[in-house]
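Report on the structure
For reference, the chains in residue letters:
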Amino acid sequence: MADEDNKRKKKRKSGKKKSSSRRSNTEEENAGLVMTGEAEYAPDDGGAVVVVDQEPFNGEDMSPAPVPEPEAMTADVGGGGDEEGQQNGFTEDGLAVAMAVDAGEEDDYVYAAIEYDPDAKPPLHRNRRFRVYTCLAIVLVAAAVAVTVIYVTKGAKGVDEQFTDINVATLPTMEPTPSPLTNREQSGIIEQIEAGVLQRGAVFANMTVDDPRKMALEWILHYDQMQLNSDDVNLYQRYVLALLAFSLDSLAWYYCGNHRMVNANETVDFVQEDCDVLASTGVLESHKVWLSSADECEWYGAKCSSTDGVLRGLEMMGNDLIGELPPEISQLRFLQYIAFNGNCLYGNIPPEMGTMPNLLSLELQGNGLSGAIPEELNNADKLQLLNGAMQYQYPYQCAASDGRIVNTIFAKGNPENGYNWGLMGSTLGDNVNKWKSMKGLHLFDNSITGTISPSVGDLKYLVFLRVHNNAIQGLIPNEIVKLNKLREVYLFQNGVFGDFPPDIGLMEDLEDLRVHENEMWGFLPDTFWKLTKMKKLWLQDTLECEQDEADEWKCMRSRDKGFQGSISPEVGNMKKLS
């Protein structure tokens, strides 16, 4: 019986972790309750603890916690075995047994065994899976909040930020960089410019990144510190001026075109703001650099009305402009005058310029332009001054920003293209009378052909007609005498032949008449001597021209050809002649 009892005890947990607590004064008067293993306990009438064995815990054996020995044992436990084997509360096998303890002899502390629950779970905050899921939930919530903030920020109107300094290595000629500000590509600016500015069916999607039109758009969207919106009234105006800067190589301009700042380790674009220009009066004037953050009306050469900020004029004479005029310049609808003379422009005059309703003056002389003067230009019926002179073999050099040397004597400034023949076409043909406001027509030193149409007599405000050194043929029409305001007529070095109109004396204001080196002949009409305001009269060096076997005209000065007759005594009426 004792052996079976011992075996049963070995299968039990031999010990549990014990805890102690301080008794109160009331507790010291009663017997302490001691729990060991799975024991149940109940006080008897004498205050002792009766320990009842329960089913053993089928788990791993645990070492018993040390139990202090009581000074005296008041009762035997188990009812079997010898006293020596159970001395001090242990069996022969070293197993602890429950004992009854006299409440009066206990120490201040009672060591109680903690009951182990196999189904118990650790506290929630110590659960590893709980902590992982909690962290993931926090991350997901934070990401959702961030996405919401970004979406709301981008969708808000007028949130475009502005930067003081924009650092880029070079002009944006490579792949467009992502917007340094906001997604302005979706703001309507592209659609506005395509619909209101671009010409000839052009769209930005079909352009290369080095197209000046695309570069100007990139500047408007991402680099212009003014950051215009699609509904700003000066969007078209600012875009076209930016297009001119990129098309005409502003970095090579003599004045106010270099927006770069070159440091030891980097080159920064679009940061230069101010420039000084020595005026003709000798005074140093302050202006703003093109493509700077300033209002475009403050850029050098841009002339705007003070009341509404609308561009009225462009003055860029002798400033080394290089390149072709873009047709989009015609969308400066309120522009009244353009002065681009003395530069290195080449290519054709855009026909779209004939649609400019307010254009009064167009000065392009002293460049390397070529091709026919477009017939559409005759539709600019408010035009008062057209100066396209000196395009034929006019030698002038400009240094481009990429190191090229552009020489206007050659087609498009390049010797490989051969010589430039200047402007062509029958400019003085039947459509010339559409220029009903024309006062000055300067087209000398070109390759203009055709004849002088009788329609020229409808230009009742014409004062200056300078078309010398061209290839104009035919007679001087009689209708020219209706131009009673005409002061200067330069027809020399052409293919004009015949004599003067008989009523030339009606041109009372004529002061300067030059028809030398033509094939003119005959007698001077009697009315000729009534030109009392005449100051200069050049009739010399009449030519005799013949067509050779190759259908080319060969002209030589001839003493046998030319004007005939004697000089009238009325020549004395020309008192201003010199």
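What counts, and at which threshold
Residues numbered from 1 in each chain as written. Predicted model: local features only at pLDDT ≥ 70, side-chain atom pairs only at ≥ 80, totals over all residues. Heavy atoms only, no water. Salt bridge = Lys/Arg side-chain N within 4 Å of Asp/Glu carboxyl O. Helix = DSSP H or I, 4+ residues; strand = E, 2+ residues; numbered from the N terminus. Buried < 20%, exposed > 50% of the residue type's maximum accessible area, 1.4 Å probe, protein only. Patch = residues over 30% accessible without salt bridge, like charges linked within 9 Å, V, L, I, M, F, W, Y side chains within 5 Å. Areas by Shrake-Rupley, 256 points an atom, 1.4 Å probe, with all protein chains shown as cover. Phe/Tyr/Trp six-rings, centres within 6.5 Å; stacked < 30°, edge-to-face > 60°. Lys NZ or Arg CZ within 6 Å of the ring centre and 35° of its normal. pLDDT = per-residue confidence, 0-100. Contact = heavy atoms within 4.5 Å. Disulfide = S-S within 2.5 Å. Axes fitted to C-alpha atoms, helices over the stretch in contact; angles between N-to-C directions. Left-handed = near helix turned anticlockwise from the far one by under 90°. Nonpolar A, V, L, I, M, F, W, Y, C, P; charged D, E, K, R; others polar.

With that settled, the discussion passes to the pattern of salt bridges. Counted under the stated rule, the structure contains 15 salt bridges. The partner of Arg200 in a salt bridge is Glu352, with the nearest N and O atoms 2.8 Å apart. Taken together, the positions of Arg200 in the loop between α3 (189–196) and α4 (212–223) and Glu352 in the loop between β13 (344–347) and β14 (361–363) put the pair 152 residues apart, joining distant regions of the chain. Among the residues examined, Arg200 registers a relative accessible area of 60% and is labelled exposed. For Glu352, a relative accessible area of 13% corresponds to the buried category. Where salt bridges share partners, they join Asp224, Arg238 and Glu296 into one cluster.

With that settled, the discussion passes to a nonpolar patch on the surface. A cluster of nonpolar side chains, namely Val132, Tyr133 and Leu136, defines an oily patch on the protein surface of about 310 Å² accessible area. Mapped onto the secondary structure, Leu136 falls in helix α2 (residues 128–155). The partly exposed category is assigned to Leu136, whose relative accessible area is 49%.

Scanning the entire structure with this criterion turns up 14 aromatic pairs. Summarising the aromatic geometry, the rings of Tyr490 and Phe492 are spaced 6.1 Å apart at their centres and angled 50° between planes, so their arrangement reads as tilted. The two residues Tyr490 and Phe492 agree in class, both being buried. Taken together, Trp219, Trp253, Trp290 and Trp299 form an aromatic cluster joined through their ring pairs. The ring of Trp538 is capped by Arg514, whose NZ or CZ atom sits 4.4 Å from the centre of that ring.

As a further point, take unusual backbone geometry. Its identity is not glycine, yet Met390 carries a phi of approximately 55°, on the positive side. Within the secondary structure, Met390 sits in the loop between β17 (385–387) and β18 (397–399). Phi at Gln393 takes a positive value of approximately 50°, unusual for a residue other than glycine. Looking at the secondary structure, you find Gln393 in the loop between β17 and β18. On the accessibility criterion, Gln393 (33% relative accessible area) is partly exposed.

Our focus in this paragraph is the confidence of the model for the protein chain. Scored by pLDDT, the protein chain comes out at a mean of 81, with 72% of its residues at no less than 70. Every residue in residues 6–87 scores below 50 in pLDDT, and together they form 124 contacts with partners more than four places removed in sequence or on other chains. Considering only residues more than four positions removed or in separate chains, one finds that residues 103–116, a stretch of pLDDT under 50, has 42 contacts.

To continue, consider the state of the cysteines. As enumerated under the stated definition, the model contains three disulfides in all. Each sulfur of the disulfide joining Cys256 and Cys275 lies 1.9 Å from the other. Across the S-S bond of Cys256 and Cys275 the torsion is about 100°, and the bridge reads as right-handed. Here Cys275 lies in strand β7 (residues 274–278) and Cys256 lies in the loop between α5 (235–247) and β5 (261–262), a separation of 19 residues in the sequence. Each member of the pair Cys256 and Cys275 is classed as buried. A sulfur-sulfur distance of 2.0 Å marks the disulfide that ties Cys344 to Cys398. Torsion about the S-S bond of the Cys344 and Cys398 cystine: about 90°, corresponding to right-handed handedness. With a gap of 54 residues between them, Cys344 in strand β13 and Cys398 in strand β18 connect regions that are remote in the sequence. Residue Cys344 is classed as buried on the basis of its relative accessible area, which comes to 1%. The exposure class of Cys398 is buried, given its relative accessible area of 2%.

The subject of this paragraph is the environment of Gln331. Tracing the chain through its elements places Gln331 in the loop between β11 (322–323) and β12 (337–339). According to the relative accessible area criterion, Gln331 is buried, its value standing at 16%. The spatial distance from the C-alpha of Gln331 to the C-alpha of Glu352 is 8.7 Å, given a sequence separation of 21 residues. The contacts of Gln331, once residues within four sequence positions are left out, are Gly196, Val197 and Gln199.

This part takes up the packing of α3 against α4. Here α3 crosses α4 at 145°, and the two axes come no closer than 11 Å. Two packed elements cross with a definite hand, and for α3 against α4 that hand is right-handed. Facing α3, whose interface residues are Ile189, Ile190 and Ile193, α4 presents Leu217, Ile220 and Leu221. In terms of residue class, the contact of α3 with α4 is made up of six nonpolar, no polar and no charged.

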